[in-house]
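Chains, contacts and geometry: an overview
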Amino acid sequence: MKSFKVICISGIEKVQRRFESAVYDPKISFSHVENTEKCLDLIEHQEVAFIIYCDEFKTEQRNNFFKKLGHLKLNRDVNVLIFTKNESVIPICNALYAGGVVDHLPFGASFGLINSRLEVYKRLYLKKQRIRELLENMMPAAVVDELETRGKFPPRRHGLVTVMFTDFVRFTEKTEDIHPVELVNLLDWYYRAFDKIIKDHKLEKIKTIGDAYMCAGGLPKRIGFNPIRVTLAAIA
C-alpha cells in the first residue's frame, strides 16, 4: 500500500514547522517546498496525494499554479487544502483546477483540526488505491488509467499478440481432500508467483479462472519478441 504523501507549499519557515508538527501519523509522508514551481517540479517525478497550499503568494502566481496543476496527467486527482484569510479565493481556485478537490482552512487552525482534515483525505486516498489494486488484478493498468480519466475504454485491435493459458494438472483430483481455506491460500501463493514471472517478462495478466491463469504479450502496448517472452515465462 502506498503512503499518503503530502507537500506543504510555504516560504515561511514558521508555517512549515507548524504543519510538520501537526502531522503525527506515521502513514503520512510529509515534505515542504518554498514555492509553487518547486512543487510542480516535484510532483512531475513522483506521485503526490495531497497538497497544503498557504495563500501567501501573488494572485497571478497562485492562479498559474492551479492551472498547471490541473494539466499534470499523473496527478489529476490530487486534493489541495488551502490555508487562507480570504475565502473568496476558493471558488476561483476550484474553477482553475480541473483536478481534485480544493478544500480550505483558516490561518491559525488548531493542530487537531489540521490533522483530522488530513485523516479524512488520507482514508479516501488509501481506499482509492485499494480499489485500483483490485481493478488492476482484473484488467491492464492502462485500461484502468483510461477508465479513471475518460470513464470508458473503447475496443482496440492488436496486430500481434501471444496468449498463454496455464492449468494445474489433475487439479480437481489432487485437491479433493484439501480444506477450502487452505486451497484458496495455495492458489494465492501460486498466482502471486505467476504475477511476478509475468511482470519480469513484461507480459500482461488477463485473468484467473479457477485453477487456470491467462496472460498475454503485446498488449496493451506493443513490445518486441512477444512469442519469445511468453515462452520464457512459461518455462520459468
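Above this note sits the structure.
For the structure given in this document, a descriptive report is provided here. (Residues numbered from 1 in each chain as written. Predicted model: local features only at pLDDT ≥ 70, side-chain atom pairs only at ≥ 80, totals over all residues. Heavy atoms only, no water.)

Our focus in this paragraph is the nonpolar core. Within the largest apolar cluster, 22 residues are counted, with the highest numbers of intra-cluster contacts made by Ile-9, Ile-51, Phe-65, Phe-66 and Leu-69. Sorting the residues of this core by element identifies β1 (4–9), α2 (36–43), β3 (50–54), α3 (59–70), β4 (79–84) and α4 (89–96) as the ones contributing at least two each. Sequence-distant contacts of Ile-51, that is, excluding residues within four places in its chain, are made with Ile-7, Ile-9, Cys-39, Ile-43, Phe-65, Leu-69, Val-78, Asn-79, Val-80 and Leu-81. Formed by 20 residues, the second largest nonpolar core is a distinct cluster that contains Cys-8, Phe-19, Phe-50 and Cys-54. (Core = buried A, V, L, I, M, F, W, Y, C linked by side-chain atoms within 4.5 Å. Buried < 20%, exposed > 50% of the residue type's maximum accessible area, 1.4 Å probe, protein only. Helix = DSSP H or I, 4+ residues; strand = E, 2+ residues; numbered from the N terminus. Contact = heavy atoms within 4.5 Å.)

In this structure, Val-102 sits in strand β5 (residues 102–106). Take Val-102: its relative accessible area is 6%, and that puts it in the buried class. The spatial distance from the C-alpha of Val-102 to the C-alpha of Val-78 is 9.2 Å, given a sequence separation of 24 residues. With near-sequence residues (within four places) excluded, Val-102 lies in contact with Phe-66, Val-80, Ile-82, Ile-90, Cys-93, Asn-94 and Tyr-97.

Moving on, we get to unusual backbone geometry. The backbone of Arg-170 shows a phi angle near 55 degrees, a positive value even though the residue is not glycine. Examined against the element boundaries, Arg-170 turns out to sit in the loop between β6 (162–167) and α7 (171–174). Non-glycine residue Lys-202 carries a positive phi angle of around 60 degrees.

So, about helix α6 (residues 141–150). Among the residues making up α6, those that are buried are Val-143, Val-144 and Glu-146. Along the axis of α6, the buried residues cluster in a sector spanning 165 degrees; they form a single face. For α6, the elements touching its buried residues are α5 (111–136). Where α6 ends, the next residue or the one after it, Gly-151, has phi of about 80 degrees, a positive value. (Arc of directions from axis to C-beta.)

Another point: the packing of aromatic side chains. The tally for this structure, following the rule as stated, stands at 15 aromatic pairs. Centre to centre, the rings of Trp-189 and Tyr-190 are 5.1 Å apart; their planes meet at 85 degrees, and the pair counts as edge-to-face. The rings of Phe-168, Phe-171, Trp-189, Tyr-190, Tyr-191, Phe-194 and Tyr-213 are connected pair by pair, giving a single aromatic cluster. (Phe/Tyr/Trp six-rings, centres within 6.5 Å; stacked < 30°, edge-to-face > 60°.)

There is a patch of nonpolar side chains on the surface, built from Phe-225, Ile-228, Leu-232 and Ile-235 and spanning about 460 Å² of accessible area. By relative accessible area, which is 43% here, Leu-232 ends up partly exposed. (Patch = residues over 30% accessible without salt bridge, like charges linked within 9 Å, V, L, I, M, F, W, Y side chains within 5 Å. Areas by Shrake-Rupley, 256 points an atom, 1.4 Å probe, with all protein chains shown as cover. Salt bridge = Lys/Arg side-chain N within 4 Å of Asp/Glu carboxyl O.)

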